[in-house]
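# Understanding the architecture of this molecule
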Amino acid sequence: MNIWIILVAGLGYLGLLFGIAYWSERRGQMGKSVVNNPYVYALSLAVYCTAWTFYGSVGRACTAGVSFLAIYLGPTLMAPLWYIILRKLIVIARSQHISSIADFISSRYGKSTFLGGLVSLIAIVAIIPYISLQLKAISFSLDILRAGPVLLASGAPWTDTALYVTIILAIFTILFGTRHLNPAERHEGLVAAVAFESIVKLIAFLSVGIFVTWGIYQGPGDLFGQAAAIPELAKLFTMEEAALSPWSWCWLILVSMLAILTLPRQFHVAVIENTDVRHLTKAIWLFPLYMLLINLFVLPIAIGGDMVFSGQGFDGDTFVLKLPLAYGREWLALLVFIGGLSASTSMVIVSTIALSIMASNNLVVPLLLWSPVRNPLGGQDISRYLLLIRRVIIGMILMLAYWYFATIGAGTPLVSIGLISFTGVSQFAPAMLGGLFWREGTRTGALAGLLAGCIVWAFMLPFPSLIEAGRFPAEILTTGLGGISWLNPHAFLGVKGMDPISHAAFWSLLINTGLYVSVSLMTRHDAIGHAQAQLFVNIYRYVSGTRDARSSYGKASMQDIRILLHRFLGRDRADELVTMFFRGKPVQPETLTEAPPELIAYAEKLLGGAVGSASAYLLVSSVVKDTPLSVGEVIDVLSETQQILSYSRALEQQSAELEQASAKLHLANERLREMDRTKDDFIATVTHELRTPITSIRSLVSIMHDNPALPEDKRQEFLGIALRESERISRLINQVLDLEKMESGHARWNMTELDMVALIQTSLEGFQEICTQRGIQLHVTLPARVRPFTGDRDRLIQVMVNLMSNAIKFCHETRGEIHVSLEEAGHQLLIRVQDNGVGIEPEFQPYIFDKFTQFNDYRTGRATGSGLGLSITWRIVRVHKGDIRVSSEPGQGAVFEVRLPLSAGAVQPMATPSYNRVKT
Amino acid sequence: MWNHLKGKKLAGISVLFAILLNYPIISIFSQSGYIWGVPRLYASIFMMWLLMIILLILLLETRDTSRRSS
Amino acid sequence: MPDTSPSRVLIVDDEPGIVTAIEFLMQQHGFVTETAYHGADALTKIGPFDPQLVILDVSMPRMDGFEVALEIRKQPHFQDISIVFLTARGTESDKLKGYGSGADRYMTKPFDNHELVRIVQDMLERW
């Protein structure tokens, strides 16, 4: 075919794309977006189908039968899960201004710059071969169409079609993606063009399919009937005979399931360019339908091509183009060329733009900001240079892709290169999916998993391809790296019988996931890591505009919001930010008494920067009316409690003190996080226990707030209650932390030899006076000395103090008596604490050491105490291998007996909570 | 429009077809023979694929279209 | 013709702090109050006091608020008393149980003072 026709058609097509992009951007600016539409969204997702699909599937089908379908079935199986996964990704990306998958992972794991840079780097390394695959496809399609020789053979770069293709694509991508900077990283024009290309490639491929099936043959019956007579073709019709192992099939499906989420270009179109999360529901079935259609004729074309070109030794990758040419259908061939061009260019443009966003935001800019040369950009606004940086990166990525094509990739089939990339990017999946649903996933865990997974991947897939290209000695593939036989890239640890892709996918994902999970469990979040994990995993709770989120911000006065911001951001900065918020809006802050919902959301975000998002949420909740505080994790409620306390106490305090309070809050957050791994029912109970004092405080404080003229005695009474209740909260928090520490095995036990006589005397010192005040007679019977006991001094004092407090609390009101004794009985020490109060009913006795079992004071019917003291006591005694028992008759008082074995050896903290202790 | 139950049903569809389209179930279809002139394995895969899409449409489109007509 | 005598509100909660706060709020808005610290206490006081409205906590020792409400509703001459649950237990099933046991309103703690007063006023007006 005439080279000029091809060039005009190709360049004209690219021009048309550019026109569509330009037109749709104009429409978008006029508020009539064509992109904001579920069909366009679904079609843009079809950027998944590249030249690999368009040309490579046929080639794959010629040699391995049905196996080409696996990488389309994977995404099809993933599509229904988008409802859960992709939706969450989109909501997070929108609210957190995520710009790429690297940004997502970095942000989730404590805004780690290093992690973001690493992901960007891996993505570039993994995707460049894949881009080069597209360059290869475009250049070979050009070569076939103009029926010239494959120019690569001549060697001189300027005679190489692919080089020109690369340059044109670079210019085109720069024009597309970097015309102006958009903070949301959205490119309406790009999406419109990609959606259009998806239609073109589908039509082109279906046309060839129909031509082959009904033009060359008389329908599928005829086509397959003829093929059945040829044994080499007939064996493609079943899996066993096509030598496709169950393993390969399964792994291909799995890897492509992950790739549809983690490929940078898919993440870009599916998450970043999404205009409305509701479009997902259409895409979930439209996208699988698209893939079904584009695969429908792959096998007929492969079989038809094989029969038509029988014995000529053509590569199956070329059949789509060669079949129309062989039958003189030049216009059809031109359509195919345009279709292939669509498939390649859409992939190249979107991938390159996605990679350039990553590389500039997560690699170059952080490096520039950190570079030893102070302010290399002369202190100017860095965003002005961002476009230039992006353009340079786009050029570099495409040149690298060309280099890869020219040196390594030219001889490899399309599909293999693509699968190497798929396996590479699927390494992001554990960190990404874990980051979405598993709060315990830490930065160190993500880093360990990613690094290890990528090293394994690099060793098992790209490295052997370099070996095959002659860059490394070939014997590595037989004898292993450095002659170590288990270091064989295709048979790691001697594992055999898997194809290279399954082998690499298995090992890399296994090691990646294993390290991610285990290292996460062994390490802890830092403050920001914790806040981000909380935010990402529970995103619906924090984001407005979705059903599960805080359904509506209630009402809050402008004054309250202002005060809140003043406190945490300083007066000047807060006023400046509020002014900025109202800039360009029809209303002005001075005219408002009630804060608009967007301002409340904005305030929450600003506070989030100062104190962490969870705390900010709760701070805002404290001024927003009609918003009941959220039930949920005890961590939030605990930190919230601290917050409300410091907030209500500090109504008239200086901001400096508040800064301190927020610093403390950070610290508290950190400590409270230690209780992450508790059971839900326990959390619910703690939450419940906390609500009660919070309720009193909140109600009383707001009475005082609403009634400035309250009589002094009332005010004193209310303040007294509020103070007592706040002490109750701190006590509860401390006890919960204490207990959790012991239960999780994180408590440190400082075991020394102790004189228990002296220890009990010390413990009782403080109680003498209290007893005298309350008219309680305290009888202490201690021997002169007992054998030394090995234990934790402070904890054992705690035991005595808890038992004594208990005894005093429940002692007889007027004729109180408490007996404390210690004796050495055989191989144990026996401590008894006896009171003469109301006693404990027999049916309650078995539960008395359980958490939150409260003694009821039957005089008022009221429970006192947190319900944790005895639980802590029980645990301390158990750690010392001792035993604690209670015996009591109602009205006769209670006796607590602690037995401590004198031979107590090493301490074994118990890791399992004892919810069902009584039953076992 | 988002609800947990729907999410679970969708996940169920995904798991169901993941099982149907993998070994060992798929080996049932991987036999010689033809359905409407198309090799049995291919015809079966595409029919299951289509069935899955139809299920997705039924689940995602039927109730919503009536409610979102405004 | 509205009743000119002030409405009577019985406050049942085992937390003295909360009782103090609600008592103040109710008295401030012209209601006559009586307090009870547990279920049995409430049931003995409800007869003589004859309230129009009961503010009832759920989690109380021995007899919880649900049982108290059921007990109140069993008596024919208490049918017209409004019952407002005020509790830290805010799950759907708790709410269902609350309404099932004869509550007219279900509020969760911590509550907003103004809202509590508004709800009590609304309900008593209706009454």
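Now for a look at the structure at hand.

The rules behind each value
- Residues numbered from 1 in each chain as written.
- Chains lettered and ligands numbered in written order.
- Predicted model: local features only at pLDDT ≥ 70, side-chain atom pairs only at ≥ 80, totals over all residues.
- Heavy atoms only, no water.
- Axes fitted to C-alpha atoms, helices over the stretch in contact; angles between N-to-C directions.
- Helix = DSSP H or I, 4+ residues; strand = E, 2+ residues; numbered from the N terminus.
- Left-handed = near helix turned anticlockwise from the far one by under 90°.
- Contact = heavy atoms within 4.5 Å.
- Nonpolar A, V, L, I, M, F, W, Y, C, P; charged D, E, K, R; others polar.
- Buried area = accessible area lost by both parts, 1.4 Å probe.
- Salt bridge = Lys/Arg side-chain N within 4 Å of Asp/Glu carboxyl O.
- Polar contact = N/O pair within 3.5 Å; in protein donor to acceptor, adjacent residues only side chain to side chain.
- Pairing = 2+ DSSP bridges.
- Core = buried A, V, L, I, M, F, W, Y, C linked by side-chain atoms within 4.5 Å.
- Buried < 20%, exposed > 50% of the residue type's maximum accessible area, 1.4 Å probe, protein only.

Residues and elements named next belong to chain A. Interaxial distance between helix α36 (residues 793–809) and helix α37 (residues 869–879) falls to 9 Å at its minimum, and their mutual angle equals 145°. As for the relative orientation of α36 and α37, their crossing is left-handed in sense. Residues R795, Q798, V799, N802, L803 and N806 of α36 form the contact with α37, whose participating residues are G869, L870, I872, T873, I876 and V877. Of the residues that constitute the contact of α36 with α37, the class distribution is 6 nonpolar, 5 polar and 1 charged.

Quick look at the interface of chain A and chain C now. At the junction of the two partners, chain A supplies 30 residues and chain C supplies 25 residues. Roughly 2,300 Å² is buried in total at the junction of chain A and chain C, and carbon and sulfur atoms are behind 58% of that figure. Between the two partners, chain A and chain C, sit 1 salt bridge. The partner of D112 of chain C in a salt bridge is R698 of chain A, with the nearest N and O atoms 3.7 Å apart. Between the two partners, chain A and chain C, sit 5 residue pairs in polar contact (both at pLDDT 80 or more).

What follows deals with unusual backbone geometry. For the bond running from Y23 of chain B to P24 of chain B, omega is 0°, close enough to zero to count as cis. Inspection of the secondary structure assignment puts P24 of chain B in the loop between α1 (4–20) and β1 (34–35). For the bond from K109 of chain C to P110 of chain C, the omega torsion is -5°, close enough to zero to count as cis. Backbone geometry at K881 of chain A places phi at a positive 60°, although glycine is not the residue there. Relative to the helices and strands, K881 of chain A resides in the loop between α37 and β8 (883–888).

With that out of the way, let us pick up the sheet that holds strand β5 (residues 105–108) of chain C. All names here are of chain C. Strand order in the open sheet made by the 5 strands is β2-β1-β3-β4-β5, with parallel pairing throughout. Lying at the two open borders of the sheet, with one neighbouring strand each, are β2 (32–36) and β5. Direction aside, the axes of adjacent strands within the sheet are offset by 20° on average. Lying on the sheet, helix α2 (residues 39–49) is in contact with β1 (8–12), β2 and β3 (53–56); it crosses β2 at an angle near 155°.

So, on to the nonpolar core. Residue and element names in this part refer to chain A. If you look at the biggest cluster of nonpolar residues, it comprises 211 residues, and the most contacted ones within it are W82, F104, W249, I301 and I303. By residue number, the principal contributor to this core is helix α7 (residues 113–145), which donates 19 residues. Those residues within four positions of I301 in sequence are excluded, and the remaining contacts are V58, F205, V208, G209, V212, F319, V320 and L323. Of all hydrophobic cores here, the second largest spans 85 residues; its members include L700, A747, L803 and L822.

Residue and element names in this part refer to chain A. As for its position among the elements, A595 is in the loop between α28 (571–582) and α29 (597–611). The exposure class assigned to A595 is buried, which follows from its relative accessible area of 6%. For the pair formed by A595 and R562, sequence separation is 33 residues and the distance between their alpha carbons is 9.4 Å. Ignoring sequence-local partners within four residues, the contact set of A595 consists of A556, S557, M558, I561 and I600.

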